[in-house]
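Summary of structural features
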Amino acid sequence: MNQVIEVMKQHRSIRKFEEKPVEENLIRTILEAAQHASTSNFVQAYSVINVVDTSKRAQIAELAGPQPWIEQCPLFLVFCADLKRHDKACGMCGMEMVKGYTEQFIIATVDAALVAQNTMLAAESLGLGGVYIGGIRNDPEKVCHLLDIPDLVYPVFGMCLGYPAEDPQLKPRLPLDIVLKVDRYTDATEQVQLSSYDQVCCDYYNQRECANRDDNWTQQMSRLMCREMRPHMRAFLESKGFPMK
Ligand SMILES: Cc1cc2nc3c(=O)[nH]c(=O)nc-3n(C[C@H](O)[C@H](O)[C@H](O)COP(=O)(O)O)c2cc1C
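Residues numbered from 1 in each chain as written. Predicted model: local features only at pLDDT ≥ 70, side-chain atom pairs only at ≥ 80, totals over all residues.

1. Focus: the overall build of the protein chain
Inclusion rule: Under the DSSP-based scheme used, a helix requires at least four consecutive residues in state H or I and a strand at least two consecutive residues in state E, with every element numbered from the N terminus. Each radius of gyration is computed over the set of C-alpha atoms, and the globule rule expresses the reference value as 2.2 Å times the number of residues to the power 0.38. Around each residue's C-beta, the other C-beta atoms within 10 Å are counted; 20 or more make the residue buried, 12 or fewer make it exposed, and counts in between make it partly exposed. All C-beta atoms are placed from the backbone. Two residues qualify as a contact pair if the distance between their C-beta atoms, derived from the backbone, is within 7 Å.
Scanning the protein chain from terminus to terminus reveals 11 helices and 4 strands. Here the C-alpha atoms of the protein chain give a radius of gyration of 20 Å, agreeing with the 18 Å that 2.2 N^0.38 yields for 245 residues. Taken along the three principal axes of its C-alpha coordinates, the protein chain extends 60 × 50 × 40 Å. For the protein chain, buried positions account for 24% of its 245 residues. A sequence separation of at least 24 residues applies to 80% of the contacts in the protein chain between residues at least 6 apart.

Right, here's the structure in full:
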């Protein structure tokens, strides 16, 4: 294929890192490349916080799980959806921003996700590895407090990055034929396809060296989707200026 596709197909989350720091220049190179992600209406509605302070890292690691790799990784970034800049832009033009629309929330969240995935890919292309950290949404208010995140901005997820000190197996993805549909949404054969994907995942979980277990995809999803998921998020988002009109 080509090198980009090879790097993309080698992605696996990395949670153990060498002690080697990621140089400042490299961080800037990665993030400047990441910023070239497409962005809805050119809004660029995100901010990225590089959390260097060890005490803040330790507190985030604790509230996110605990997830010790947040403390141990050389680089920990928090990706925020950010509409504060747009409020400022409106003010600079003598206008008043109309706030609180669900669409604005979607735009800012998608923008943060696009720049984050570009960051992951740029980092991986340079020999680094990493893992997203949705666990920061366990206590988003505390994360906002620790990082001085103001209204109209919210932390979507974190990302640990660094030089890998582990080499985990690739996690098999859903077969393309399940997710790719032509002209219309169809799922008539999905149950059969999911059963064979379950077998692929079962083999993966049985064989992998780290944390090997008996599991498959539908079982994992049924555990995940049959419980409450961070029910505080709605009130939190409303309090930060995202009331979802
Ligand atoms: C938005 C998002 C949040 C995630 N949050 C966490 C997390 O808090 N902790 C963690 O260890 N992995 C986290 N992950 C990593 C996923 O578990 C991982 O990407 C998925 O299981 C697929 O495995 P792979 O990345 O190794 O292919 C997150 C991934 C995404 C995209």
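2. What to know about the domain arrangement of the protein chain
Inclusion rule: The domain boundaries here were taken from an automatic or database domain assignment.
With domains assigned, the protein chain is organised as domain 1 (3-168) and domain 2 (169-227). Domain 1 and domain 2 are separated by 27 Å when their C-alpha centres are compared.

3. Considering the sheet that holds strand β4 (residues 153-162)
What counts, and what does not: DSSP bridges decide pairing: two strands pair if at least two such bridges lie between them. Each axis is a line fitted through C-alpha atoms, taken for helices only over the stretch in contact, and angles between the N-to-C directions span 0 to 180 degrees.
Spatially, the 4 strands line up as an open sheet ordered β1-β2-β4-β3, and their pairing is antiparallel. Only two strands of the sheet have a single neighbouring strand rather than two, namely β1 (46-50) and β3 (129-133). The mean inter-strand angle of the sheet, taken between neighbouring strand axes irrespective of direction, is 25 degrees.

4. Points about unusual backbone geometry
For the bond running from Gly65 to Pro66, omega is 20 degrees, close enough to zero to count as cis. A positive phi angle, near 50 degrees, is found at Asn41, a position not held by glycine. Structurally, Asn41 can be placed in the loop between α2 (24-34) and β1. Located in the positive-phi region is Ala211, a residue other than glycine, with phi close to 50 degrees. Residue placement: Ala211 occurs in the loop between α9 (190-207) and α10 (217-225). The exposure class assigned to Ala211 is exposed, which follows from the 8 C-beta atoms found within 10 Å.

5. Observations regarding the site of the ligand
To be explicit about the condition: Any residue whose C-beta atom, as set from the backbone, lies within 6 Å of a molecule or strand is reported as near that molecule or strand. Only Asp, Glu, Lys and Arg are considered charged in this grouping, and only Ala, Val, Leu, Ile, Met, Phe, Trp, Tyr, Cys and Pro are considered nonpolar; every other residue, Gly among them, is considered polar.
By nearness alone, 13 residues border the ligand, and Arg12, Ser13, Tyr132, Gly134 and Gly135 come closest of all. Considering each element in turn, the shell around the ligand owes the most residues, 3 residues, to β3. Residues that form the shell around the ligand fall into these classes: 5 nonpolar, 5 polar and 3 charged.

6. Description of the pairing of β4
The buried fraction of β4 amounts to 9 of the 10 residues, a majority that puts the element mostly inside the structure. As paired strands, strand β2 (residues 75-82) and β4 are joined by 8 bridges and run antiparallel to one another. In the sheet register, Asp82 faces β4, and the bridge partner there is Val153. Sheet topology places β3 next to β4; 5 bridges connect them, and they run antiparallel. Bridge pairing in β4 links Val131 to Cys160.

7. Re the environment of Glu32
Here Glu32 is to be found in helix α2. Measuring from C-alpha to C-alpha, the distance between Glu32 and Val115 comes to 9.8 Å, with 83 residues separating the pair along the chain.

8. Digging into the packing of α2 against helix α6 (residues 102-125)
The condition is simple: Here the angle decides the label: under 35 degrees means roughly parallel, over 145 means roughly antiparallel, 65 to 115 means roughly perpendicular, and every other value means oblique. Two helices cross in a left-handed way if the nearer one is turned anticlockwise from the farther one by less than a right angle. They cross in a right-handed way if the turn is clockwise.
Where α2 meets α6, the closest approach of the two axes is 8 Å, and the angle between their N-to-C directions is 135 degrees. As summarised for this structure, α2 and α6 are arranged oblique, according to the angle between their axes. Along this stretch, α2 crosses α6, giving a crossing that reads as right-handed. Here Ile30, Leu31, Ala33 and Ala34 of α2 lie close against α6, whose contacting residues are Val115, Asn118, Thr119, Ala122 and Ala123. For the contact of α2 with α6, the per-class residue count stands at 7 nonpolar, 2 polar and no charged.

9. Points about the environment of Gln67
Within the element layout of this structure, Gln67 appears in the loop between α3 (54-63) and α4 (69-72). Here Gln67 falls in the buried class, since 21 other C-beta atoms lie within 10 Å of it. Between the alpha carbons of Gln67 and Ile136 there is a distance of 9.9 Å; along the sequence they are 69 residues apart. Setting aside its immediate chain neighbours within four residues, Gln67 contacts Ala61, Ile133 and Gly135.

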